[in-house]
Amino acid sequence: MSLSRLIPSLSKGARQGLLASVIFPASLVPGQGGLPSSDHHVLTALPLPSGAKIRSSDTFGTGSHGRYYFLEKGDRLRLFRLELKHPMGAQDLWMESWRLIRVPALAGQERLRTATVGMQHLFLAGEESGGTPFIRSYQIGQKTLDGRTTPTLTGRVDYFPDSDTTPVRRLYFDSKSRILWLGYDSGRVESGRPYLVLHDRILWSDPSGYLPLPDETLLSRGPSPLLTPRSLSKVSSSCFSCRYYLVSRTEPEGLKSRPGLPVRSPEQLDSALGILPMGSGKGLFMGRQAFVCGVPEPGRHARLKGCEKVALEDLPVGASWWGNRLAYLYPPGRFSWNRNRWSIVAINPAMIDNAYLKRQPGKDFALRQLLSSAGHHYLLPPGARPRPQTFFTDGRRLVLFGRSHLYLLDTQVKSMSGPTKGSGE
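Everything numeric in this text was worked out from a predicted model, so none of it was measured.

Peer 1: What's the story with the packing of aromatic side chains in this structure? I'm lost.
Peer 2: As enumerated under the stated definition, the model contains 17 aromatic pairs in all. Summarising the aromatic geometry, the rings of W181 and Y210 are spaced 5.6 Å apart at their centres and angled 50° between planes, so their arrangement reads as tilted. Within this pair, whereas W181 is found in strand β14 (residues 179-184), its partner Y210 is found in strand β17 (residues 208-212), the two being separated by 29 residues in sequence. A residue is classified by how much of its surface remains accessible, and W181, at 0% relative accessible area, is buried. Since its relative accessible area comes to 1%, Y210 is described here as buried. Chaining the aromatic ring pairs together yields one cluster made of F60, Y68, F70, F80, W98, F392 and F401. Over the face of the ring belonging to Y244 we find R188, whose NZ or CZ atom lies 5.6 Å from the ring centre. Directly above the aromatic system of Y210 lies the positively charged group of R258, at a separation of 5.8 Å from the ring centroid.

Peer 1: Hey, could you run me through the state of the cysteines in this one?
Peer 2: Within this structure, the stated rule accounts for 1 disulfide. Paired by a disulfide, C293 and C307 hold their sulfur atoms 2.1 Å apart. Its S-S torsion of approximately 125° makes the covalent link between C293 and C307 right-handed. With C293 in strand β23 (residues 290-294) and C307 in strand β24 (residues 305-310), this residue pair connects regions lying 14 residues apart in the sequence.

Peer 1: Help me out: how do you make sense of the pattern of salt bridges in this one?
Peer 2: Any two side chains of opposite charge can pair if their charged atoms end up close together. The tally for this structure, following the rule as stated, stands at 21 salt bridges. Linking R113 and E127 is a salt bridge whose minimum nitrogen-to-oxygen distance equals 3.0 Å. One end of the pair, R113, is in strand β9 (residues 111-118); the other, E127, is in strand β10 (residues 121-127), and 14 residues separate them in sequence. One salt bridge in this structure joins D158 and R136, with 2.7 Å as the shortest N-O distance. Note that D158 is positioned in strand β12 (residues 148-159) and R136 in strand β11 (residues 133-145), a separation of 22 residues in sequence. Overall, the relative accessible area of 8% leaves D158 in the buried class. A single network of salt bridges, built from pairs that share partners, joins R111, R113, E127, R169, D185, E190 and D206.

Peer 1: How do you make sense of the sheet that holds β24 when you look at a structure like this?
Peer 2: Within a sheet, neighbouring strands are paired by backbone hydrogen bonds and run either parallel or antiparallel to one another. Taken in spatial order, the 4 strands make up an open sheet running β21-β22-β23-β24, and their pairing is antiparallel. Both edges of this open sheet fall to β21 (274-279) and β24, since each of them pairs with a single strand only. With direction set aside, neighbouring strand axes in the sheet form an average angle of 25°. Of the strand pairs in this sheet, β21 and strand β22 (residues 282-286) are connected by 5 bridges, and their pairing is antiparallel. By the bridge assignment for β22, L276 is matched with L284.

Peer 1: Just to check I follow, could you spell out the pairing of β9 for this structure?
Peer 2: When a strand is regular, its side chains alternate between the sheet's two faces. Of all 8 residues in β9, 6 are buried; the element is thus mostly enclosed. When β9 meets β10, the two strands line up antiparallel, connected through 7 bridges. Looking at β10, one finds that T116 is bridged to F123. Here β9 folds back onto β10, and the loop between the two strands holds 2 residues, one of which, M119, carries a positive phi near 55°.

Peer 1: Help me understand unusual backbone geometry, please; the structure alone is not making it clear to me.
Peer 2: Residues other than glycine seldom take positive phi values, yet M119 does so here, at roughly 55°. Topologically, M119 is positioned in the loop between β9 and β10.

Peer 1: Explain the pairing of strand β26 (residues 325-330) here, please?
Peer 2: Counting buried positions over the 6 residues of β26 gives 6, a clear majority of the element. Burial of β26 is two-sided: the residues R325, A327 and L329 facing one way and the residues L326, Y328 and Y330 facing the other way are all buried. Connecting strand β25 (residues 318-322) to the next strand, β26, in antiparallel fashion are 2 residues, including G323 with a positive phi near 65°.

Peer 1: Honestly, the nonpolar core in this entry has me stumped. Any pointers?
Peer 2: What tends to happen in soluble globular proteins is that the nonpolar side chains get buried as a cluster. Counting residues in hydrophobic clusters, the biggest one holds 22 residues, and the most contacted among them are Y328 and F365. Those elements giving two or more residues to this core turn out to be β21, β22, β23, β25, β26, β27 (343-347), α3 (349-357) and α4 (367-374). Apart from the residues lying within four places of it in its own chain, the contact partners of Y328 are P277, M278, P316, G318, A319, S343, I344, V345, I347, I352, L371 and F391. Membership of the second largest hydrophobic core comes to 17 residues, among which are L48, I54, F80 and F401.

Rules and cut-offs
- Residues numbered from 1 in each chain as written.
- Predicted model: local features only at pLDDT ≥ 70, side-chain atom pairs only at ≥ 80, totals over all residues.
- Heavy atoms only, no water.
- Phe/Tyr/Trp six-rings, centres within 6.5 Å; stacked < 30°, edge-to-face > 60°.
- Helix = DSSP H or I, 4+ residues; strand = E, 2+ residues; numbered from the N terminus.
- Buried < 20%, exposed > 50% of the residue type's maximum accessible area, 1.4 Å probe, protein only.
- Lys NZ or Arg CZ within 6 Å of the ring centre and 35° of its normal.
- Disulfide = S-S within 2.5 Å.
- Salt bridge = Lys/Arg side-chain N within 4 Å of Asp/Glu carboxyl O.
- Pairing = 2+ DSSP bridges.
- Axes fitted to C-alpha atoms, helices over the stretch in contact; angles between N-to-C directions.
- Core = buried A, V, L, I, M, F, W, Y, C linked by side-chain atoms within 4.5 Å.
- Contact = heavy atoms within 4.5 Å.

Pasting the structure below:
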């Protein structure tokens, strides 16, 4: 039970209080042997404040350390912020704040398609009446009234594409490059994440554009301007058989823009269910069939290569870099030892690369078998209802939200203290 349930005066009104963390030993099932892991990991399960529920359709974003955002879509838009910190440095207790940030209503026939949070901004994208696309941002700030400080959205900025009328399907904020990437609607049916982030480039399954975000757009003072993006161009050259596109995360030398370069791919390759990282420049492409493929460097004849089929029952529902490891989220029933519980499997990507190099031609790439024998497995508590779209790392910890809980998988291992070159995000 949360301490905030025991102190009503703290939990009413501002919905602030203390959360008692429920600590589980996370290294319960490393591999199939069931022996304790040599790494020290602790799984912390924190109940969310009373009344806080996270839907599987909520847009998730992160702010500064310990701040998490959830955009609830429906008849009206509502942005919630969860802020966590240790009170007075007590590492076994958490102080939480669950706050509602009102989002201005969309005007007229405007329809929201996608949203993201980054650089203390909320970004929205959709279509106006007649199908004209719009991109809008609000600065996430705070105001003080009668001695009480409340979060608020200020500094609205509207961005208008010059000539492109193709709707934006997906927004992705790239904190490394300070760029808002725009995935255009190509007409393909997609339900998973349509991009794969590598350390120097992004592979998109849709044509993509981008919006640089310099400091001037922070709008710390002055009226809100209406800005035209510097670059919203789509693919620079045609390629009839190309369905994937590479863009650079770094400023291309000698170029004023970051063109989307077409990439050829095998005809049967599909990514309707998303693309997940596999390390060493490889991605897991999930659709009617699933494949692990190598992502090429940008070039005139770039092609996804070395594609090996992966059994559909081997597929995770989420993935994240965790220091220099990859972590995968699996629903119950995928491994023999956890028929009824969700699990996280962490593995050194070098082991995936080694198995990939030693693969037998004509046989499926045995991803689940590899993770079962070489990965470290961490079981979520019984009854957990995780939201895969919230699975990410904040640097040292893995973070995962459930419907009414926050799960933190922490490590003190020095070798996992930071991302490697191949980690991309």
